[in-house]
Structure formats: C-alpha cells, structure tokens
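Results of the structural survey
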Amino acid sequence: MQDEAFKEFFQNLLSDKTEQQIIDLILQGLESEEIVDRLVKSKRSKAK
Amino acid sequence: MIQFDYRIERDEGDEKRVYLPGIPKQLDDLTIIEGPNSSGKSTLLHILALGFHGLKDKRIHPSLRKKMDDLVYSDHQTLGFDFRIDNEVTGLRLVCKKGRRKPDISLYQELDGKRTVLSPEAFRRKYNLIYDIPDNPTERLRQLTTDLKSAQHTIGSKVGLLNARIREVITDIGNSRDPRKIKEFENTIKKLQKQLKDEKEKKIRLEKDLRLFERYLYGKSLIESKDELKKAEERVRSLKKKKRVTKTTRTRQANQLSSVLADAHTSEILIRTNMTKLLIRLRRLLPKEKTRFERLEMMDLREVLIEAKPNDMLREAIEHFRAALNRITETQGSDEFKEAKLYSRLIETLCDFQELKTLIPGVKKTVAEFIEILEEKAREFETLKAKCDNIDAAHDLLNNIEDERDTYVKKYSPKLQHFSAEGKTLDIGHLEDVIDIAERELEEAEVARDRYAQKHQDCLYECKTRGISEQRCAAVIAEFEGIKSLKPYVEYTEMQLRGKITDLNNDTNKTSEKIKNLEFRISSNERDKRRLEKQEPHRHQGYADWINTLFEISQRLYQRIQSEYDAYLLALIEETLDKAALTTEQKQYYDQVSHFLGRKVEVLRHVDNEYEVDRIDLINDRVHTKTGKKIKLSDLGTGQSQSAYIKGLLNQRDDRKIIALIDEVAMMDSRSLQPIYKILHKLHREGSLLLGVVVQRADEMAVGPIMLKEAGK
C-alpha cells in the first residue's frame, strides 16, 4: 500500500515523529520485525 | 483483452426465451459499450462482477448486488457463462466459468505457467474490483471515505501486529544476556540475602523468647495448679462431711418435729372439737356470755397452747365457765335437781324389770304401771332435767378440754417452743432446702476440683514436653524472673502470658513465612541470573529502555487509529456529527479527510472550467479549489459530480490490479467523461488497470475502445 494520499493524510494528522515513522514504514509495506529493526537503527544513528 | 460468452434461459410465462450476448464476444482492455435499453450491456457487467466474487463484496452498491443475485438464484431463469482476460504485457490470464445448473463459480489466474485458484479472499488480496453505478453521485462523494476507512483499519491492524512484535522484542531482550539485567539480579540477590539473614536472626530471637515464656508459664502454672487442686480437694472433703452432718442432723430434727407436730395436731383438734361442743351448750346455758364466746372463737388456739402460759385465755375460760355453771346449779335449788334425778334414776332402774307382773308394795301397781306414773311425774322436771344434763355435759367437756390442754402443755409445748426458739419455721420442707444447698455446694466444688485436676495434668504434660520436672519448676521461674528485660512480665496474669505466647507464636510463623518467601525469591533470581548468563546478547541490547518507550508510542497510536479515528470517520459517513461541538482533534482529523478527498478527485469540472481540487469539506458540503473557489456540492452539475465520484473511485490506488466496471454514465457529457478516460488510460499504461468497461445508454448500439480526445478538440 504505497498511496501518497494515505501517507500525507496520516503524516499531517500525527505530530509525533516516531508515530509518523511507524506509519511511513507500514505504508512502505514492511513487516513488523523489519519496522522494529529500522526504528532501532534510526535511533542508533541519531545517538551517534 | 477479454473474451466472454453467456447463455440465459428465462421462463417468461407465455414462452421460454434464451438470451445470448448481443455485443461482440471479444473486447479491448479499455472498452466503452453504448446501446439502447435491454441490449444486454449491463447484463455483461453483472456477469463479469459475479465472476469476480462481487456478490460477496460489501462495497458494491446493494442495487447492483441484487441484480447479480437475481441472475444466479432466480427460479425463472438459469445462467451459464465463461470469460477470460489476457494481459499481453504481463502474460497474466484470469479465467472464470459457471455452469447453468449450479451456482458455483470457478475463478483462477494463470501466470508463468502456474495456475492459482482465486477464492473470494485471495481475489480481494490481489485484485481491486470497482463496480459501480453513479447513482446520486453528489451524496456518494461521502462514500469515497470508505476507502479511507478500509485503509485506517488495515494500518490499525498493522500497528497492532507491530505492538505484538515490540512486546516480543522486549521479552527477548529480557531473556537475553543483558549485563545490566545480570547486575540487577546480583543486586537483588544481595539485598534479599541481607533480608534473609535479618529474618533468620529475628526468628532465633523470637524462638528463644517463646521458649522462655512457655517454660515460665507452664512451670508457674504447674505449681499454681497443684496448689489449687489441693485446695479444691480439701474443699470437696469438707463439703462432703458438712453434707453428711447436715443430712443426719436435719433428718433427725425432721423426724422429731414431724412426730411432735402430728401428735400436737391431734391434741389440738380434740381440744378444738370439744370447744365447739362446749360453746353450743354454753350458748344455751349462759346466753349473757356472748362476748366471751366470740373472743374464744377468735383465739389462736395453737399459739395459746404452745406458749402454755399458766393463766392463758383457755384456762381462764375453763375456770370462768365452771364457776358460772356451779352458780346455775346453786340458783336452781339442789332439792329440785335431786328430785328430778331421783325420778330419772328410778325410771332407768325399773325399765329393766317392766315385764314383771309383780305388784309393788305400798302402791299396788305393776312395774310397768309404776313406770308410767313416774314418767308422768318426771315430765314435771323435764326442762330442769335437760338443763341439768347440759350442765353435766358442759362440765365433762370443760374437764376434757382442761385435761387435754394440760397434756398438750406438758408434752408438746416445750418441744415446739424449742424449734421456734431456733428461728426455724415449723415446716419440714425448710430442712430439705438446707440439704439441697449442701449438695449443690459439693457438686460445684467437685466440678472445680476436676477442672483443676485437668489443668494440673495439662501443665504436667506441657512441662514434660519441655523437659521440666516438677522439682525444676521453681528454678525455671527464678531463671525467668531473674532476666531484667522480662521483669515487667512477672506481673502478668496467666491469661496475659498466654496472650503474649500467642503473639510470639504468630510472629515466629510470620517470620518463617518471610524466610521461605525470601529463600524462594533468592533461588528464583539465581536461576534467572544463571539462565541469562548462558544466553547470547540481543542485537537491540542497549536499546531496551527506548524499545519500551516505543511500545508505549505504538500502543497509543493503535488506540488512536482503531478507536478515535474510526469513530470520527463513522460519524462523518453516517452524518451524525454535531458541527457546533467538534473537538480540536476532530477538527484536525476532518480537515485532513477533506484534503484526502481533494487528492482523490484531483480535478473537477464546474460550469465551463476545470479546477484543481484542494479539498472536499463533507461537513459543510463544499469543494475548495486551489484557486480559492468554494463550490457548494449541490451546485455541481449531475454529470460533473458523477465524474468527480468516479475519479475518486479510480484513485484508490494500491498494489492490487484494478478491474473497473462502470455502468450508466449517461448523465455525463464528453467533457466530464474525458478526465475519467484519462485516468483509465493512465492506470492501464502503468499496468495497474487490467480491465476497464464503461457502459452508456444510447439509441444505437456501438462497442469500441475508450478513446482520448486530442487536446484542444
């Protein structure tokens, strides 16, 4: 489900960055395990 | 390209007819079918939708589903069909068949030589069937939100799955070799071991105190109970003796009293009877003595007799009446009394000889005749004689009363006076009460003695259990009383000491429970620590805290999408909103919905111009264009709003292949249809659209590919 309209809808609705990231990854069609890995990776890179 | 065929056999009452396709059986991917009513163009769309499991697709308008249902399940007709769609670019083929006799539909896809059966669920996962009739399109713009509803639901479910996964990761990290967690375990174990040590020491103290108190209590109780038992036994012995003496004494007294009372009673009755007889006679002889008679009748004879005074009322009365009777005798003359007696005695004597015929010398009369003469003479003295008899009888009665009184006074009065002097009532029942009291006292004393005996036995047992002999008791007590900290307890009663022992027992048990619990927790922590030490570190090891936060975020997001957003959207679809009471969150949400719908419709034709749509506000029924124009939905032409609605449907883009079947677009002019055709061509070019069939009413039958007008024409 890669619909820009949906993505825009949710991104505008959610103010929390992590929430936005989650929706983005879901709309990219990633599975839950990948989403967790991506989120941790993103957190790790921000920490550096 | 699509190839199809069908056969409908219908019973129309007067005849049975067969309907076959009236249009070419092979069509392009993008086809428009124009034709008059009942030419079979809508029937083709019904059949295609049936083949794609449209009967089970709730998104399809109910009026269309009803028509599909009629085709399959009506009694008056049978339908058989087959069709095949081939995509030349991808090599994908969809094949569908339905026999005329059975309602079952067989649908499968073929790709790269592989055939896959498409159940309704499998079909919906891979294909998006858009089958619609633009009925009341202005109102149905609202229904474009169903796409959003479905997306929200899908995303909400995926967030739910993400929650579950995050929870798993948290558990996995907890179960992996985490040095921080191992350290936490070590600290916890250390803390618990310290607590365990303290509790064990406390338990030893409590047990020592408990032992001291128990030994003191039972030692002291043994001595006390022995003393109490001894006293109780002594009392029982004493009461037994008392009871025996009381019983003997009282029995003797009772017997004596009983006999005296009986004899005295007989004597008293005799006196009373004679008194009654006497008074009857005296009332005739001494009528003036009425007052004295009354006093005598009122007299308490028993009291007078028991008191036995020398000149009591009875004795005085006897003397008085005797003198009075003598005076009567003297007053009447002794000769008359003697003469009366003479005749009376003569008659009495002669009566024994009245049968004799012998004549009595001097009077020459027989005995019987002489008796008659004497009786005649005696009658002259009859009244005097009766009075004389009464006086004699009264004297006799006075003598009897006097004799009986003297006997009573001599025999009974002293004894009865003696009982009275002891303060006892002259009642035998009282003596029985005294014995009963003594028996009761004894019974109570025996019960008390048995109780002390039992207590003493219990104390002996308790002391023996604790290794205290009777001889050691004093030493045990001295030992306890010698401990300074225990001084206050020396003043305690047995009950208070027992209470203290119960408290100590409870405290000891609680401490034992705590110790068990601590030992269990230590062992459990040690086991977990050992298990962790054997594990490999988790790849997200250092991010455990952050992942916990992530779980909270994800949980919150799930709640918001599944509960709040879903409710907001439902209220919008069902038009149950209170416009005046919208919360900030609702306003934000509906604002985003209006932008979402604007993106779906993209371009709108109004009057003679095309406008780029910024948003469609379903709360206020307005379309906002990017140029700032606000168009009321009700002001849109039917064809224009129909066009907007169809575009909205076609803009539902995801990974699935689209099959678009659009019926009855007659209200749209070519300028309204062109934007739809553009979208169909665009989707087809992108490979997203597998088949697009548009049906329009027209006077003449015409079937052909959907064509785009060149710009400017």
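These remarks concern the structure in this document. (Residues numbered from 1 in each chain as written. Chains lettered and ligands numbered in written order. Predicted model: local features only at pLDDT ≥ 70, side-chain atom pairs only at ≥ 80, totals over all residues.)

Attention shifts here to the overall build of chain A. The helix and strand tally for chain A stands at 3 helices and 0 strands. Mapped in sequence order, the helices and strands of chain A form the string α-α-α. The buried share of chain A, reckoned over its 48 residues, is 31%. (Helix = DSSP H or I, 4+ residues; strand = E, 2+ residues; numbered from the N terminus. Buried ≥ 20, exposed ≤ 12 C-beta atoms within 10 Å, placed from the backbone.)

Bringing the sheet that holds strand 18 (residues 702-705) of chain B into the picture now. All names here are of chain B. Judged by pairing direction, the sheet is mixed, and its 5 strands sit side by side in the order 9-16-17-4-18 without closing on themselves. In this open sheet, the two edge strands, each paired with only one partner strand, are strand 9 (127-132) and strand 18. The mean inter-strand angle of the sheet, taken between neighbouring strand axes irrespective of direction, is 10°. Here 5 bridges tie strand 16 (residues 657-662) to strand 17 (residues 689-697), and the two strands are oriented parallel to one another. Counted as the bridge partner of Ile-662 is Val-694 from strand 17. Against the sheet, helix 21 (residues 670-686) makes contact with strand 4 (30-35), strand 16 and strand 17, and its axis sits at roughly 160° relative to strand 17, the strand it touches most. (Pairing = 2+ DSSP bridges. Axes fitted to C-alpha atoms, helices over the stretch in contact; angles between N-to-C directions. Contact = placed C-beta atoms within 7 Å.)

Moving on, we get to the interface of chain A and chain B. Counting residues at the interface gives 20 residues for chain A, matched by 26 residues for chain B. Counting residues per element, the ones that place at least two in the side of chain A that touches chain B are helix 1 (4-13), helix 2 (17-27) and helix 3 (32-47) of chain A. Per element, the largest residue contribution to the side of chain A that touches chain B is 7 residues, and it comes from helix 3 of chain A. Class assignment for the residues of the side of chain A that touches chain B results in 12 nonpolar, 3 polar and 5 charged. (Nonpolar A, V, L, I, M, F, W, Y, C, P; charged D, E, K, R; others polar.)

Residues and elements named next belong to chain B. In space, the 4 strands of this open sheet follow the order 12-13-14-15, with antiparallel pairing throughout. Each edge of the open sheet is held by one strand with a lone partner, namely strand 12 (603-606) and strand 15 (630-632). Geometrically, the sheet is characterised by an average inter-axis angle of 50° between neighbouring strands, direction not taken into account. Two elements, strand 14 (residues 622-625) and strand 15, share 3 bridges in a ladder whose sense is antiparallel.

Turning next to the packing of helix 6 (residues 179-285) of chain B against helix 17 (residues 494-534) of chain B. Residues and elements named next belong to chain B. Look at helix 6 against helix 17: their axes get within 8 Å of each other, and the N-to-C directions meet at 160°. The angle between the axes of helix 6 and helix 17 places the two elements in the roughly antiparallel class. The handedness of the crossing between helix 6 and helix 17 comes out as left-handed. Class assignment for the residues of the contact of helix 6 with helix 17 results in 16 nonpolar, 9 polar and 20 charged. (Parallel < 35°, antiparallel > 145°, perpendicular 65-115°, else oblique. Left-handed = near helix turned anticlockwise from the far one by under 90°.)

This part takes up the environment of Glu-214 of chain B. All names here are of chain B. In this fold, Glu-214 is placed in helix 6. A residue is classified by how many C-beta atoms lie within 10 Å of it, and Glu-214, with 20 of them, is buried. As a C-alpha pair, Glu-214 and Glu-462 span 248 residues in sequence and 8.8 Å in three-dimensional space. Leaving out residues up to four positions away in the same chain, Glu-214 has contacts with Arg-466 and Ile-501.

Moving on: the packing of helix 5 (residues 145-175) of chain B against helix 18 (residues 544-573) of chain B. Residues and elements named next belong to chain B. Taken N-terminus to C-terminus, the directions of helix 5 and helix 18 make an angle of 160°; their axes are 9 Å apart at the nearest point. Between helix 5 and helix 18, the angle falls in the class roughly antiparallel. Pair helix 5 / helix 18 crosses with left-handed handedness. Broken down by class, the residue content of the contact of helix 5 with helix 18 amounts to 19 nonpolar, 9 polar and 3 charged.

Every other side chain in a regular strand lies on the same face of the sheet, so the side chains alternate between the two faces. All names here are of chain B. As defined by bridge partners, strand 1 (residues 2-11) adjoins strand 5 (residues 77-86) across 9 bridges and the pair is classed as antiparallel. Looking at the pairing, Arg-10 lines up with Gln-77 of strand 5. Pairing of strand 5 with strand 6 (residues 93-98) involves 6 bridges; the strand directions are antiparallel. Looking at the pairing, Phe-81 lines up with Lys-98 of strand 6.

Fair warning: the whole summary comes from geometry, so function is off the table for now.
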